[in-house]
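Per-entry structural report
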Amino acid sequence: MAERIVTTLHHPFHLQGHEIQIGTSVGIATTTSLEMPFTQLLTQADIAMYRAKSRGRGNYVIFDAAMYAEVLTRRQLELDLRQAIEHRQLRVYYQPIVVLATQEIAGFEAVVRWQHPEQGLLSPTEFWSVAEEVGISLPIERWVLRQACYQIAEWQARHPTQSPLMIGVNLSGRQLAQPDIVLYLERLLLETGLPSHTLMLEITEDIVIQQAEPAIAALTRLRQLGVSIGLDDFGTGYASLSYLHRFPVDVLKIDGAFVHAINQDDKNGEIVRTIVTLAHSLKISTIAEGIETFDQFSQLRTLHCNYGQGYFFAEPLTQFAVESFLHAYCSERGVIKRP
Ligand code: C2E
Ligand code: MG
Ligand code: MG
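Small disclaimer: the values here were computed from a predicted structure and weren't measured.

Here the focus is the coordination of the magnesium ion (ligand 3). At this site the magnesium ion (ligand 3) is bound by D232 (OD), D233 (OD), E289 (OE) and E289 (OE), with donor distances of 1.9 to 2.7 Å. For the magnesium ion (ligand 3), the donor residues sit on a single chain with the sequence spacing D-D-x55-E. Between the two metals, the magnesium ion (ligand 3) and the magnesium ion (ligand 2), the spacing is 3.9 Å, and D232 donates to both. A residue pair is termed long-range when its members are at least 10 positions apart, and D233 in strand β10 (residues 228–234) and E289 in the loop between β12 (285–288) and α13 (294–302) qualify at 56 residues. Looking at D233, the relative accessible area reads 27%, which means it is partly exposed.

In structure tokens, the structure reads:
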């Protein structure tokens, strides 16, 4: 029956001279119990329908109990997340970014973590989609920006290095589309006294591909402030090198997928070499993400990739871990020594 409904409605039909085509998603719930309230049955069908929608249009899904449990867990996560900021459960972690040629520390990438009271430390992969749905991803991002800028300004003052420590902060397309984002950052830089060239905003490929005018305008203005723009996870989406000269980008972050594959065959090494060479000829510097082994590190250094980050050097660290680390290692020569 569901298949027939989906197929029948798939055919275009005419409405006041327009050809209309609609997609259909069907959720099915059944019961043998006469006691089950009608509204409960409808709720179950609704849950199944949303599941069908998430699989793409033209699907049907039959409700089962596991689905209900998942919905409840997600609802709970939504409720918890709304309180996370207030209850001070969010943390900023800092992953070192290293100069590959010298192994000096160039700075950090700020990533958010949620110290959940029952579930422990959660990474954004576990709660970011919920945050977006609930509409609190934007305030969370601004909070991270603020924390990270204050923190790095403090570390710069306390641990002066030859070139000041930099900070990379992730910025979503939604955030970039906020009309006040440039003003917000301008004020934040003033307030923290952070030299603008030590802040890198990491944007994702979808922003580049959509080429939305407001986003490009915002990025251009941010660059005029002296902030640098990093293109995150390069190579995973559809952005190609041809976008780069049309787009205000200073840094390319080569995705971990390339880095992990680098020693599997020569082709991947060639891809990375090409990315690095082309980026450099466009005066764009390169950061390799997800370096996990010495081999990957040494190959990327040979390929003249400028910077690297990954578990080989360090995982994202707490503020306190960074502080004792900076204290112990940076006071000598600013060289990261692996334990
Ligand atoms: P990303 O910006 O590409 O961040 C790097 C991710 O790779 C981090 O995951 C980091 O923990 C992980 N990683 C670092 N080194 C290694 C390694 O050697 N191997 C592997 N396999 N992974 C490594 P995390 O923290 O879970 O963040 C996931 C994504 O969530 C980030 O990817 C970023 O896109 C987003 N994100 C994190 N914090 C924020 C934030 O404050 N604002 C926004 N808008 N997005 C954020
Ligand atoms: Mg990033
Ligand atoms: Mg990345």
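Turning to the nonpolar core, a few remarks are in order. In terms of nonpolar packing, the biggest core is built from 81 residues, with F108, I167 and L199 touching the most fellow members. Counting residues per element, this core draws most heavily on helix α5 (residues 137–158), at eight residues. The residues touching F108, leaving out its near neighbours within four places in the chain, are Y94, Q95, P96, I97, I152, W155, L165, M166, I167, G168, V322 and L326. A45, I47, A48 and V61 belong to the second-largest nonpolar core, a separate cluster that totals nine residues.

Turning our attention to the coordination of the magnesium ion (ligand 2). Those protein atoms acting as donors to the magnesium ion (ligand 2) are E109 (OE), N170 (OD1), E202 (OE) and D232 (OD), and they sit at 2.0 to 2.2 Å. Taken in sequence order, the residues that donate to the magnesium ion (ligand 2) follow the motif E-x60-N-x31-E-x29-D. For N170, a relative accessible area of 27% translates into the label partly exposed.

Note on placement: R142 falls in helix α5. When neighbours within four sequence positions are excluded, R142 is seen to be in contact with Q175, Q178, D180, I181 and Y184.

Okay, the pairing of strand β9 (residues 199–203) next. Residues in a regular strand project their side chains so that they alternate between the two faces of the sheet. With five of five residues buried, β9 is to be regarded as a mostly interior element. Along β9, one buried face is formed by L199, L201 and I203 and the opposite face, lined by M200 and E202, is buried too. With four bridges connecting them, β9 and β10 associate as parallel partners. Bridging from a neighbouring strand, I203 pairs with L231 of β10.

For the rest of this paragraph, the subject is unusual backbone geometry. Residues other than glycine seldom take positive phi values, yet Q16 does so here, at roughly 45 degrees. Its place among the elements puts Q16 in the loop between β1 (13–15) and β2 (18–20). Of note in the backbone geometry, Q103 takes a positive phi value of approximately 65 degrees without being a glycine. Position of Q103 relative to the elements: it lies in the loop between β5 (90–99) and β6 (105–116).

As a further point, take the packing of aromatic side chains. Summed over all chains, the structure comprises 11 aromatic pairs. Seen in terms of ring centroids, F297 and F312 are 5.5 Å apart; in terms of plane orientation they differ by 25 degrees. Their pairing is stacked. Separated by 15 residues along the polypeptide, F297 in helix α13 and F312 in the loop between β13 (307–308) and α14 (319–330) bring together distant segments of the chain. Given the relative accessible area of 8%, F312 is considered buried. An aromatic cluster is defined as three or more aromatic residues linked by ring pairs; in this entry it consists of F294, F297, F312 and F313. Positioned over the ring face of Y93 is R113, at 5.7 Å from the centre of the ring. Its end group placed over the ring of Y184, R142 keeps NZ or CZ at 4.5 Å from the ring centre.

Analysis parameters
- Residues numbered from 1 in each chain as written.
- Chains lettered and ligands numbered in written order.
- Predicted model: local features only at pLDDT ≥ 70, side-chain atom pairs only at ≥ 80, totals over all residues.
- Heavy atoms only, no water.
- Donors = N, O, S within 2.8 Å, 3.2 Å for Na, K, Ca; no water.
- Helix = DSSP H or I, 4+ residues; strand = E, 2+ residues; numbered from the N terminus.
- Buried < 20%, exposed > 50% of the residue type's maximum accessible area, 1.4 Å probe, protein only.
- Core = buried A, V, L, I, M, F, W, Y, C linked by side-chain atoms within 4.5 Å.
- Contact = heavy atoms within 4.5 Å.
- Pairing = 2+ DSSP bridges.
- Phe/Tyr/Trp six-rings, centres within 6.5 Å; stacked < 30°, edge-to-face > 60°.
- Lys NZ or Arg CZ within 6 Å of the ring centre and 35° of its normal.

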